[in-house]
Amino acid sequence: MKKFASTASLLVVLVAATVVPAASAEPPPAPTPPVACAGLVQQLSDTLKTVIAKLTGVPPAPSATAAPLGEVLGLLGALQGAKCLPTPAVGAAGAVPVAHQASEQCLSNSLGVLAATFGVLSAVVPGAPAVADVPALLKQLSALLKNLGDALKTCGLPEPSGGLPTVPA
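Residues numbered from 1 in each chain as written. Predicted model: local features only at pLDDT ≥ 70, side-chain atom pairs only at ≥ 80, totals over all residues. Heavy atoms only, no water.

Enquirer: Provide a residue-level description of the overall build of the chain, including the pertinent values.
Expert: Assigned secondary structure in the chain consists of 5 helices and 2 strands. Listed N to C, the secondary structure of the chain is α-α-α-β-β-α-α in terms of helices and strands. Per-residue burial over the chain gives 33% buried out of 169 residues. Sequence-distant contacts, at least 24 apart, represent 68% of the contacts inside the chain between residues at least 6 apart. (Helix = DSSP H or I, 4+ residues; strand = E, 2+ residues; numbered from the N terminus. Buried < 20%, exposed > 50% of the residue type's maximum accessible area, 1.4 Å probe, protein only. Contact = heavy atoms within 4.5 Å.)

And the structure:
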């Protein structure tokens, strides 16, 4: 019994020596996104400002937003290529990991940005089945910007200088 008490005491001391310092140690800092991300985010913001300007101009020009929205899709692809945003896996479970973040919410918000972009683009592309409803497009664009802001936060990306554009009320 004496041997058990000595062994148990020794185990308690060893566990305390390894667990307590590990629990009180500061977590490592979150990895930073690649340097290219800031420039791509800024380009994305500037392109979205162009879309907003075309939709809020007098007269509004919804069909003129198709090209800048195509650029938005290209920039989102570039952000994925630079590992700033996660790339959804096609045909397999899960997404290709991004080195600087691993949040499932990041993937969800990134997909929301893509879906919102396709939603606006489908209404303005030449040959769209109906005449574009500008107030509805502005509402969709506001949702896209909200998703983009959420994606920037959850994916650890920097905000563009001057912040994200906003849709006038």
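Enquirer: Help me get a handle on the nonpolar core, residues and values and all.
Expert: Residues Leu 44, Leu 48, Leu 76, Leu 79, Leu 141, Leu 148 and Leu 157 are the most contacted members of the largest nonpolar core, which totals 37 residues. Elements represented by at least two residues in this core include exactly helix H2 (36-56), helix H3 (66-81), helix H4 (104-124) and helix H5 (134-154). Setting aside residues up to four positions removed in sequence, Leu 48 forms contacts with Val 72, Leu 141, Leu 144, Leu 145, Leu 148 and Pro 165. (Core = buried A, V, L, I, M, F, W, Y, C linked by side-chain atoms within 4.5 Å.)

Enquirer: Account for the pattern of salt bridges, naming residues and giving values.
Expert: One pass over the full model with this rule turns up 2 salt bridges. Close ionic contact of Lys 49 with Asp 46 constitutes a salt bridge, the shortest N to O distance being 3.9 Å. Placement of the pair is Lys 49 and Asp 46 together in helix H2, with a separation of 3 residues, close to one helical turn. On the basis of relative accessibility, which here comes to 36%, the residue Asp 46 falls in the partly exposed class. (Salt bridge = Lys/Arg side-chain N within 4 Å of Asp/Glu carboxyl O.)

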